[in-house]
Every structure is written in structure tokens, then in C-alpha cells.
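Each chain is listed here by its residues.
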Amino acid sequence: MSMHANGTFEVKMIPQPAEESVGDAGIGRMALDKQYHGDLAATGNGQMLAVRTAVEGSAGYVALERVSGTLHGRSGAFALQHSGTMTRGAPQLIITVVPDSGSGELQGLAGTLVITITGGQHFYDFEYTLSGPG
């Protein structure tokens, strides 16, 4: 049975320096520090890689984030994988739970998370299933 978790979150994106001899210096790297509130009471930490194009409003990013806390009162941790593009201002974002990344009472977690931003406030809607250990 699919369940929903909703709430708000704050995110700090901290620019990281390019690493010498690693990839292309034109690809930006950010550290992510998030605080989730609501049905998901957790912290999220991760890294993001992003690139902008010469066309205004077009860009892409990928990120991995480790989330630790409680989801509807169940304690544990899991990983999220982000894949986002912006085509001339039109966003497309897919955020999924990394398979088999759930631990503690969140073992067997699967799902997708949708982010909306309204009036500068970040909201999440997390549709998920929890099948239990393996």
C-alpha cells in the first residue's frame, strides 16, 4: 500500500571548490545540508553536481543525499537520488529512494519525492512503500 508524507524543508547549498584533475572545472559542486519537517522529521546531507548552459534558464543537476531521522514515527535512514533538468526555465525533477538503502525501521523503503517551492518556501510530497526487510 502506498503512503504519503508531507511537510517543509530548509536547504543550505554550500559551494565546494573544484578538485584538481577531477572532471571539468565548469561543473559546479555543492554540499547539501537539509532539515525536513512534518511527516519526515530528518536531516539530509549530500553532494550535488550541476552545469549551466549558455542558454538562459537551461541547466542540469544530479545529487545523492543521505536522509536520517523518522518517517511517520519510524526511525532510520535512506538515500535519495536526484536528477534534474531545466529547459529554458521549465523544470523537470525526479527524486527516488535508492533501492535497498533503507536502514533501521525504514528497511524496505521505496518511493519518490516531489519538491514544490511556493513563496520561497520548500515543500515535499513523499509517496512511498515500506515492505520490511528483504
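Throughout this document, residue positions are counted from 1 along each chain, in the order its sequence is written. Under the rules for a predicted model, residues below a pLDDT of 70 receive no local features and side-chain atom pairs below 80 are neither given nor counted, while totals for whole chains, interfaces and linings still include all residues. Side-chain measures were taken over the full set of non-hydrogen atoms in the model, leaving aside hydrogen atoms and water.

## A few points about the overall build of the protein
Part 1: Each helix corresponds to a stretch of at least 4 residues labelled H or I by DSSP, and each strand to a stretch of at least 2 residues labelled E; elements are numbered beginning at the N terminus. Each helix and strand in the protein was counted, giving zero helices and nine strands.
Part 2: Scanning the protein from its N terminus toward the C terminus, one meets helices and strands in the order β-β-β-β-β-β-β-β-β.
Part 3: On C-alpha atoms alone, the protein measures out to a radius of gyration of 16 Å, which is about the 14 Å that the 2.2 N^0.38 rule sets for 134 residues.
Part 4: Considered along the principal axes of its C-alpha atoms, the protein spans approximately 45 × 35 × 20 Å.
Part 5: Within the protein, the proportion of its 134 residues that are buried is 26%.
Part 6: Restricting to contacts in the protein with at least 6 residues of sequence separation, those with at least 24 account for 45%.
Part 7: About 8,100 Å² of surface is accessible on the protein, with carbon and sulfur atoms providing 56% of the total.
Part 8: We count Lys and Arg on the positive side and Asp and Glu on the negative side, and we leave His and both chain ends out. By convention, the charge on Lys lies at NZ, on Arg at CZ, on Asp at CG and on Glu at CD. For the protein, the centre of its 7 positive side-chain charges and the centre of its 12 negative side-chain charges are spaced 3 Å apart. Only the C-alpha atoms count toward the radius of gyration. The rule for a globule is 2.2 Å times the residue count to the power 0.38. Think of it in three bands: with a 1.4 Å probe and only protein chains considered, a residue is buried below 20% of the maximum accessible area for its type, exposed above 50%, and partly exposed in between. Contacts are residue-level and defined by heavy atoms, with any inter-residue pair within 4.5 Å sufficient. Note that accessible areas follow from Shrake-Rupley with a 1.4 Å probe, and for residues the cover is restricted to the protein chains shown.

## A short note on the pattern of salt bridges
Part 1: A pairing counts as a salt bridge when a side-chain nitrogen of Lys or Arg comes within 4 Å of a carboxyl oxygen of Asp or Glu. Enumeration according to the criterion identifies one salt bridge in this entry.
Part 2: In this structure, Glu-65 engages Lys-34 in a salt bridge whose closest nitrogen and oxygen atoms are separated by 3.2 Å. Of this pair, Glu-65 sits in strand 4 (residues 59-71) while Lys-34 is found in strand 2 (residues 28-38), placing the two residues 31 residues apart along the sequence.

## Some remarks on the side chain of His-82
Part 1: Take His-82: it is sitting in strand 5 (residues 74-87).
Part 2: Pairs of N or O atoms within 3.5 Å make up the polar contacts considered here, provided that, within protein, one atom can donate a hydrogen while the other can accept it, and that residues adjacent in sequence are counted only when both atoms are side-chain atoms. A polar contact of 3.1 Å, which involves the side chain of His-82, links it to the side chain of Tyr-61.
Part 3: There is a polar contact of 2.8 Å between the side chain of His-82 and the side chain of Glu-65.
Part 4: Not counting the four nearest positions on each side in its chain, His-82 is found in contact with Lys-34, Tyr-61, Val-62, Ala-63, Glu-65, Ile-94 and Ile-95.

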